[in-house]
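Structural overview
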Amino acid sequence: MIQLNIEKVFPFVSKESILNYENKVKECAASLEKGSGKGSDYLGWLHLPSSINNIQFAEIEATAKVLRSKCEVVVVAGIGGSYLGAKAVIDALSNSFSWLQNTKNNPVIVYAGNNISEDYLAELTAFLSEKQFGIINISKSGTTTETALAFRLLKTQLENQVGKAEAQQRIVAITDKSKGALRQLATQEGYKTFVIPDNVGGRYSVLTPVGLLPIAVAGFDIRQLVKGAADMEKKGNNLPLTENPIALYAATRNELYKQGKKIELLVNYHPKLHFVSEWWKQLYGESEGKDNKGIFPASVDFTTDLHSMGQWIQEGERIIFETVISIATPNKKVLIPTDKENLDGLNFLAGKRVDEVNKMAELGTQLAHVDGGVPNIKIVLPELNEYYLGQLIYFFEKACGISGYLLGVNPFDQPGVEAYKKNMFALLEKPGYEEATKEIKAQL
């Protein structure tokens, strides 16, 4: 199992202050289980890992097989939770340079509908013009501007390149079970579809077909991913706080917040975890950032960012704490060679694994940052694989639910994200936004 270590927070908060959360976190966990807390209509993720059956796995795997057989490239069209979870897992498990290699084992996964950049879309469509490609379009409504715009372009291009009948075989829609523009289009065109459950919000959807289908297309073992999450799900709510890493993480970060630590930096020492941090930032930012409350979720990739952000972290305003994700054993082995000239002065490292240097950088940084006033939480994954990533995903999801309840907010809604859309539609003079258009133009 993944391990949680909070020893490096005790110079800043007492062990007793964290243990005092015992009853509070049990109440919050019970609210999740009973569905008695805020946002209880969106708790479908809570027992999702243990509820996925062989029939559901087989359907996802069969669809992935079709796309894998027909496509060199598969475009995942979605924004926020509709793509971040899949990209986090795929990037974490992929060879860093596989996209540069001429291997035909797995389709290249690329992403669209997560921005409105004309240059990006022009470059993407140019790249796809000489490729056999397919599309996984992920949208509950089918009208999210970024995704709908990208899908319109990609659908047209695919139909022009291979014909409407073949395009129908290469497009999969993941959407609402019965309503919305994408559901209507999928029914009309005969696309293969999967359902986004009504009771699972986007940022909690990585273990639904939203995440599982792209991950399967990329060639990874979704059964192991879900098994890891299901094993973490088994962690009982009635365990003592010190034996329940999910509850302990939620309690610790809330106590640090209470003591003035307003920013949490998610730290990794493995570049493949960059998009795990991006997924985590949406999960916590969108769940907790409301009612003028919430820890600000940020992230850094070490040791890279020690050469850009290290100074601020070491000596800037003391309103931060770090949660470090550490991989105990890397999947590859590289030994440092001896150099006769030794001009770089590194012969003292000869014969050591590169990971040993990385681990000492990790430990040395942790000690320096704690000395500099930055509390440190540490999460250790034994290896970087599907099983432990599944554990980490569920760990963060459930801890987020508990943490939001401790904070006193609804961790399952996101009313604030609609504000920019209203202004954007008004500025674009979308029908139905005439009054808002007048108001905005008066301000300009």
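Now for a quick tour of the structure.

1. Here we look at the overall build of the protein chain
The helix and strand inventory of the protein chain stands at 18 helices and 10 strands. On C-alpha atoms alone, the protein chain measures out to a radius of gyration of 23 Å, which is about the 22 Å that the 2.2 N^0.38 rule sets for 444 residues. Residues counted as buried form 49% of the 444 residues belonging to the protein chain. Considering only intrachain contacts with a sequence separation of at least 6, the fraction spanning at least 24 residues in the protein chain is 78%. On the protein chain, roughly 20,800 Å² of surface is accessible, and the fraction owed to carbon and sulfur atoms is 52%.

2. A closer look at unusual backbone geometry
Going from Phe302 to Thr303, the amide bond is cis rather than trans, its omega being 5°. Along the chain, Thr303 falls in the loop between β8 (296–301) and α14 (310–315). The backbone of Asn292 shows a phi angle near 60°, a positive value even though the residue is not glycine. Tracing the backbone shows Asn292 in the loop between α13 (274–288) and β8. For Asn292, a relative accessible area of 84% puts it in the exposed group. The phi dihedral of Asn342 is positive, around 50°, even though this residue is not glycine.

3. Things to note about the side chain of Glu362
With respect to the secondary-structure elements, Glu362 resides in helix α15 (residues 354–371). Engagement of the side chain of Glu362 in a polar contact is seen with the side chain of Lys378, the distance being 3.1 Å. What Glu362 contacts, discounting residues up to four positions off in sequence, is Tyr269, Val324, Ser326 and Lys378.

Conventions we followed
Residues numbered from 1 in each chain as written. Predicted model: local features only at pLDDT ≥ 70, side-chain atom pairs only at ≥ 80, totals over all residues. Heavy atoms only, no water. Helix = DSSP H or I, 4+ residues; strand = E, 2+ residues; numbered from the N terminus. Rg over C-alpha atoms; globule rule 2.2 N^0.38 Å. Buried < 20%, exposed > 50% of the residue type's maximum accessible area, 1.4 Å probe, protein only. Contact = heavy atoms within 4.5 Å. Areas by Shrake-Rupley, 256 points an atom, 1.4 Å probe, with all protein chains shown as cover. Polar contact = N/O pair within 3.5 Å; in protein donor to acceptor, adjacent residues only side chain to side chain.

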